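Breakdown of the fold
Letter by letter, the chains look like this.
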Amino acid sequence: MSKRLTLILLFVAWALSSYAQGEQDVYKDTIPVFQGIGVKLDLAMPIIEAARSAGKIQDYEVVINARLLNRFYPTVELGYAMAECGADGGQYKGLGGFARLGIDLAVIKKGVAENNFMVGLRFANALQNYDLTNVKQSVNYWPNQRLDFYDQFRYDCWGELVAGCQVFLWKGLHMGWYGRIKLLITRNAKPGQVMPYYVPGLGYRKDFNWGFNYYIGYRF
Amino acid sequence: MNSRPSILILSWLLALGSFGLVSCEPDKVCHQELQATMQVILSADSVTLEGDTISYVQWDSVAFMGVGNNVVLKGKSLKAMPLELRPDTTITQYLVQYHGQIDTLFIEHTPRIQYISMACGCAIFHTISYAWSSDPRVDSVSIINANVESYAQDNLCIHMHE
C-alpha cells in the first residue's frame, strides 16, 4: 500500500514540477487551456484475442480525452469484454463493462505536443455478470460432485500506470500505443462467493497484470 | 519528432507488446494442498496386572468404511485415522469394524465451501457439531477440534471399553 502511495506521490510531484518548468516556456502566452477532444479506438485487443483465444475472449474499448495546456490529457476509457475460458478447477463464462478514469502527461515539453510520449495513471472499475460451472471440490474419498455457480455478480477495481506514445498522421488522425501495468485492489472474496477468472479491462484475474493497447483516433 | 521513424518504432513496439505485454493466462493446474480431512483418534483403556490403567491404540484391528462408499480404510502405524466428511450432506456415517464387530459412527457437521482458484476449484471445510456411536463398547466420542480445515489437526476421539 505504501509503495503504491509513494509511486502516486512521485508521479504527482514530477507532473507538478514539469508543469512549473513549462510555465517558463516561451509558448506559455500562446497556449489555450482547452485544445480539443480526441476519440480513439483500440485495435490491439480484438486482434490479439481473435488470434490467441479464437474469439473466446473479446475486448473492445474506446478512449475519450481532452488536451489541456498542450501537456495534460484527462482521459476516460470505456470498454466491454466477454470471455469463456477455464482451467482444471472449472469453467468461466462472463461479460461486463469497465471504465478507467485518469490523466496522461506529454513527456516532451517543447513545441506543440502532437507527436509525443505519454505517461499516466488510471483508476479502473469493472462490473460483470458470470457463471462458474463444473467447479472441482477437493474431495478424494467421496464421489467428487462438481459445483455450478450461475448468475454471479462482481465489482472489481484496480490502478494502472500507463506509458506510450502518439503520432499524428494526417490532420487530426493519429495512432499510438499504451503499455499498462495493472495492480488489482479488490483481491478478496466474501465468504461463499466464487471469484471470476477474468475481469473486463484487467484481463485474467491476477494481483499484478500487464496490458497493451494500440489505438487509432481522431482529434477534434 | 518526425512521423515516419515514429511509425516504424510504433510498429516494432506493437509486435513486441503483442507477445510480451499482454496478460498471460494463469496456471491451469493446482499446486496447493487443499485437503481438509477429519482426523480421528481411537483410544482404549486396559488395566495392567498392577492395577494401573493405560491407554493404547491398536489401529491394525480397526477398519472404516463410509456408508455409501465401498472403499475400506485401514490405519496402520498412524497416530490418527484420516476420514473425509461428505461434502453433500450434514451427517456422515462410517461403519467401524473393531475386533470383529461392526458399529456405525455418526458425525453431524456443516460443510463450508471455500473457493480457491480456477485451477484448484473449491476446498470443503467442515464444522463438526455432534458425533456419536450406538456401540455400547464405545465409552465416548468427543470432539477435540470442531473445525476441519486442514490435514494436520486431530478432530475426534473415540474412547473404547476393553
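**What to know about the overall build of chain A**
Helix and strand content of chain A: two helices and 10 strands. Listing every helix and strand of chain A by position from the N terminus yields α-β-α-β-β-β-β-β-β-β-β-β. Counting all 220 residues of chain A, 50% fall into the buried class. When contacts within chain A are restricted to residue pairs at least 6 apart in sequence, those whose partners lie at least 24 apart make up 66%. Roughly 10600 Å² of accessible area belongs to chain A as shown, and the carbon and sulfur atoms make up 66% of that amount.

**Some remarks on the sheet that holds strand β7 (residues 101–117) of chain B**
All names here are of chain B. Read across the open sheet, the six strands follow the order β4-β3-β6-β7-β8-β10; overall the sheet is antiparallel. Looking at which strands have only one partner, the edges of the open sheet turn out to be β4 (72–74) and β10 (147–148). Inspection of the sheet shows β7 paired to strand β8 (residues 121–133) by 12 bridges, in the antiparallel sense. In the strand pairing of β8, R112 is matched with F125.

**As for unusual backbone geometry**
All names here are of chain A. Of note, the phi angle at N134 is positive, near 55°, even though the residue is not glycine. On the basis of relative accessible area, N134 is assigned to the partly exposed category, the value being 38%. The phi dihedral of K171 is positive, around 50°, even though this residue is not glycine. Within the secondary structure, K171 is located in the loop between β6 (147–170) and β7 (173–184). Its relative accessible area of 61% is what places K171 among the exposed residues.

**Overview of the interface of chain B and chain A**
Taken together, the contact between chain B and chain A spans 43 residues of the former and 46 residues of the latter. Viewed at the interface, chain A and chain B are joined by zero salt bridges. There are 14 residue pairs in polar contact (both at pLDDT 80 or more) connecting chain B and chain A. Residue assignment for the side of chain B that touches chain A shows that the elements contributing at least two residues are α1 (3–20), β3 (62–66), β6 (91–98), β7 and β8 of chain B. For the side of chain B that touches chain A, the element with the highest residue contribution is α1(B), accounting for eight residues. A class-by-class count of the residues in the side of chain B that touches chain A yields 26 nonpolar, 12 polar and five charged.

**A look at the packing of aromatic side chains**
Across all of its chains, the model carries 13 aromatic pairs over all chains by this definition. Between the aromatic rings of A:Y141 and A:W142, the centroid separation amounts to 5.1 Å while the plane-to-plane angle is 85°, which identifies the pairing as edge-to-face. Plain terms: the ring middles of A:W177 and A:F212 are 6.3 Å apart, the flat faces sit at 20° to each other, and that makes the pair stacked. Taken together, the residues span a long stretch of sequence, with A:W177 in strand β7 and A:F212 in strand β10 (residues 208–219) at a distance of 35 residues. Cluster of aromatic residues (ring-pair linked, three or more members): A:Y141, A:W142, B:F64 and B:Y94. The ring of A:Y215 is capped by A:K40, whose NZ or CZ atom sits 5.1 Å from the centre of that ring. Over the ring of A:Y178 we find A:R122, and its NZ or CZ is 5.6 Å from the ring centre.

**Observations regarding the state of the cysteines**
Residues and elements named next belong to chain B. Enumeration according to the criterion identifies one disulfide over all chains in this entry. Residue pairing for C30: its cysteine sulfur links by disulfide to C120, the two sulfurs lying 1.9 Å apart. Judged by the torsion about the S-S bond (90°), the C30/C120 disulfide is right-handed. With C30 in the loop between α1 and β1 (38–47) and C120 in the loop between β7 and β8, this residue pair connects regions lying 90 residues apart in the sequence. The exposure class of C120 is buried, given its relative accessible area of 4%.

**With respect to the environment of B:G75**
Take B:G75: it is sitting in the loop between β4 and β5 (81–83). Considering only alpha carbons, one finds B:G75 and B:V62, 13 residues apart in sequence, at a separation of 7.1 Å.

**Thoughts on the sheet that holds strand β1 (residues 34–42) of chain A**
All names here are of chain A. Read around the closed barrel, eight strands run β1-β2-β3-β4-β5-β6-β7-β10, paired in antiparallel fashion. The sheet shows a mean angle of 25° between the axes of neighbouring strands, taken without regard to direction. The pairing of strand β4 (residues 90–106) with strand β5 (residues 116–135) spans 16 bridges and is classified as antiparallel. Counted as the bridge partner of I103 is L121 from β5. Each of β1, β2 (57–68) and β10 touches helix α2 (residues 44–52); the most contacted strand, β10, lies at about 125° to it.

**Regarding the side chain of B:E84**
Assignment of secondary structure puts B:E84 in the loop between β5 and β6. For the buried B:E84, no salt bridge exists, and the shortest N-O distance to an oppositely charged side chain is 9.5 Å, to B:R86. A polar contact of 2.9 Å, which involves the side chain of B:E84, links it to the backbone nitrogen of A:N140. In contact with B:E84, not counting residues within four places along its chain, are A:V139, A:N140, A:Y141, A:W142, B:Q35, B:T37, B:T92 and B:Y94.

**Topic: a nonpolar patch on the surface**
All names here are of chain A. Taken together, the side chains of V33, F34, I37, V39, I64, V76, L78, L101, Y218 and F220 define a hydrophobic patch exposed on the protein surface, amounting to about 880 Å² of accessible area. Among the elements that take part in the nonpolar patch, β1 stands out by supplying three residues, more than any other. Summarising the element assignment, I37 is placed in strand β1.

Thresholds applied
- Residues numbered from 1 in each chain as written.
- Chains lettered and ligands numbered in written order.
- Predicted model: local features only at pLDDT ≥ 70, side-chain atom pairs only at ≥ 80, totals over all residues.
- Heavy atoms only, no water.
- Helix = DSSP H or I, 4+ residues; strand = E, 2+ residues; numbered from the N terminus.
- Buried < 20%, exposed > 50% of the residue type's maximum accessible area, 1.4 Å probe, protein only.
- Contact = heavy atoms within 4.5 Å.
- Areas by Shrake-Rupley, 256 points an atom, 1.4 Å probe, with all protein chains shown as cover.
- Pairing = 2+ DSSP bridges.
- Salt bridge = Lys/Arg side-chain N within 4 Å of Asp/Glu carboxyl O.
- Polar contact = N/O pair within 3.5 Å; in protein donor to acceptor, adjacent residues only side chain to side chain.
- Nonpolar A, V, L, I, M, F, W, Y, C, P; charged D, E, K, R; others polar.
- Phe/Tyr/Trp six-rings, centres within 6.5 Å; stacked < 30°, edge-to-face > 60°.
- Lys NZ or Arg CZ within 6 Å of the ring centre and 35° of its normal.
- Disulfide = S-S within 2.5 Å.
- Axes fitted to C-alpha atoms, helices over the stretch in contact; angles between N-to-C directions.
- Lys, Arg positive; Asp, Glu negative; His and termini not counted.
- Patch = residues over 30% accessible without salt bridge, like charges linked within 9 Å, V, L, I, M, F, W, Y side chains within 5 Å.

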